[in-house]
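# Descriptive structure summary
Each chain, written out:
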Amino acid sequence: MSGRIRFVNYPRQYQQHKKEFDGVFEEIMSGGDFILRRHLEVFEKRIAEYVGVKHAIGVNTGTDALYLSARALGFGPGDEVITVGHTFVATVGAIVQAGASPVLVDVRDDYNMDVDLIEKAITPKTRGIIPVHLNGHSCDMDRVMGLARRYNLRVIEDAAQALGAEFKGRRCASFGDTAIFSFYPAKMLGTLGDGGMVCTNDDNLARTLSAYRDNGRVDSVEVIECYGWCTRLDNFHAAILNMKFSHFGEWVKRRRELARIYDKGLEGVGDISIHPVSGGDYFDVYQNYVIRSGRRNGLVKYLRESGVEALISWPTPLHKQKALGLERFHLPKTEQISAEVLSLPMYPELTDEEANTVIEKIKGFFCESRLERAGNF
Ligand SMILES: Cc1ncc(COP(=O)(O)O)c(C=O)c1O
């Protein structure tokens, strides 16, 4: 094995499935099927069936899926919506763009919403909760949905990172009033650009969301049911996603195998906390393999210099981003996690040898720094 170990290796995936990728391009170009066509319909049906919901509506991005959900559920001025600060900005952005106020609660060591903090954050203005299933690990959806029912709140599951993940044998995105996926290239199932999806069991919400994504049109281009947006999942992307989805089961299995290699190899190394181990009520799909270290910044620098791409999500928590106006929230765990987390290369095309090289490099970092410290005496 030689060369850099990429964080995600798109060219390798293309080489491994070149015929299939090229076949999709040829099929779409030959048919001229670009907008709201058969491939999209097929993909929506497949995802709805896989997740276990009635409707799946393809949109432009996960960001739009969140925003359209917030609008369809009627979140607006004067409303509060509870979510976490340890997430991609789009989760909070959707609440703000809809005109409502985000209320951020802290996370637990599994990087997901601390469900013990939800009830304290509920006020007479609270209308909804957006749990985020981060890194391909489900939130405790029994607790989230129980509280939602008790306080009459609507739930949007942010499952952007969790296609295939399960809680108590049920797939993420099948619990909430709506749920969203992202098909950004690096995601569990990624397209060749941007893509997203909203899932729901509610027929009325599904109709509203379908109208929102296509300028108010659902069954006919002649009849406009409401003002909407133009945020459709392109038929080409749907065709690519259909092709990739036929490999999805084996890809999830491979991610879980790689996670076991990292778990085993990194246990007890330096001050590392390995990725929370999957099991029990949780079936994890490892969108990301995340470790924590008090010496994270030095470790990232060392890895990058020795040819391993590692990523920090997110070094500055949202409530410390000055432009967002979220400074009022006190999120000590989020801050600690932001200072310590590091995501390692994790994708189905990563070889065992490469995963073992990543482990050896990490061991090398802690070994070298121990020797350096010893040399100081
Ligand atoms: C947790 C989470 N929510 C929402 C999004 C937004 O998805 P997209 O990039 O498709 O807009 C992402 C994507 O990074 C995400 O990770």
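Notes on the structure follow. (Residues numbered from 1 in each chain as written. Predicted model: local features only at pLDDT ≥ 70, side-chain atom pairs only at ≥ 80, totals over all residues.)

### Observations concerning unusual backbone geometry
- In the segment running from Ser-313 into Trp-314, the intervening peptide bond is cis, with an omega of 0°.
- Looking at where Trp-314 falls in the secondary structure, it is placed in the loop between α11 (296–305) and α12 (332–340).
- Positive phi is not limited to glycine here, since Lys-168 has a value of about 50°.
- Overall, Lys-168 belongs to the exposed group, with 12 C-beta atoms counted inside 10 Å.
- Positioned with a positive phi, Asn-215 is a non-glycine residue whose angle comes to about 50°.
- Mapped onto the fold, Asn-215 is located in the loop between α8 (203–213) and α9 (235–245). (Helix = DSSP H or I, 4+ residues; strand = E, 2+ residues; numbered from the N terminus. Buried ≥ 20, exposed ≤ 12 C-beta atoms within 10 Å, placed from the backbone.)

### A word on the nonpolar core
- Counting residues in each nonpolar core, the largest one holds 109 residues, and the members touching the most others are Ala-70, Ala-159, Ile-180, Met-197, Val-198 and Cys-199.
- It is helix α4 (residues 62–72) that provides the largest number of residues to this core, a total of six residues.
- For this core, the domains that each give at least three residues are domain 1 (10–245) and domain 2 (248–375).
- Setting aside residues no more than four positions away along its own chain, Val-198 makes contact with Ile-57, Val-59, Ala-65, Leu-68, Ser-69, Thr-178, Ile-180 and Leu-209. (Core = buried A, V, L, I, M, F, W, Y, C linked by C-beta atoms within 7 Å. Domains from an automatic or database assignment. Contact = placed C-beta atoms within 7 Å.)

### So, the sheet that holds strand β9 (residues 196–200)
- Strand order in the open sheet formed by seven strands is β1-β9-β8-β5-β4-β2-β3, and the pairing between neighbours is mixed. Edge positions in the sheet fall to β1 (55–59) and β3 (101–105), since each has one partner strand and no second. Each neighbouring strand pair of the sheet contributes to a mean axis angle of 25°, computed without reference to strand direction.
- Sheet analysis places strand β5 (residues 154–158) next to strand β8 (residues 178–182), joined by three bridges and oriented parallel. Across the sheet, the residue bridging to Asp-158 is Ile-180, located in β8.
- Along the sheet face, α4 touches β1, β5, β8 and β9 and points at about 165° away from the line of β8. (Pairing = 2+ DSSP bridges. Axes fitted to C-alpha atoms, helices over the stretch in contact; angles between N-to-C directions.)

### Examining the environment of Glu-360
- Locating Glu-360 in the fold gives a position in helix α13 (residues 352–375).
- Between the C-alpha atom of Glu-360 and that of Thr-334, which follows or precedes it by 26 residues, the distance is 29 Å.

### Focus on the sheet that holds strand β7 (residues 170–171)
- Spatial ordering of the open sheet is given by β7-β6-β10, a layout of three strands whose pairing is antiparallel. A single partner strand is all that each edge strand has here, and the edge strands are β7 and β10 (282–283).
- Note: strand β6 (residues 166–167) against β7, two bridges, orientation antiparallel. Across the sheet, residue Glu-166 finds its bridge partner in β7, namely Arg-171.

### Comments concerning α11
- When we look at burial in α11, the residues that qualify are Arg-296, Leu-299, Val-300 and Leu-303. The buried residues of α11 occupy an angular sector of 100° when projected down its axis, which confines them to one face. For α11, the exposed residues set more than 90 degrees away from the buried face come down to Lys-301 and Glu-305.
- Looking at the residues trailing α11, positive phi occurs at Gly-307, about 90°. (Arc of directions from axis to C-beta.)

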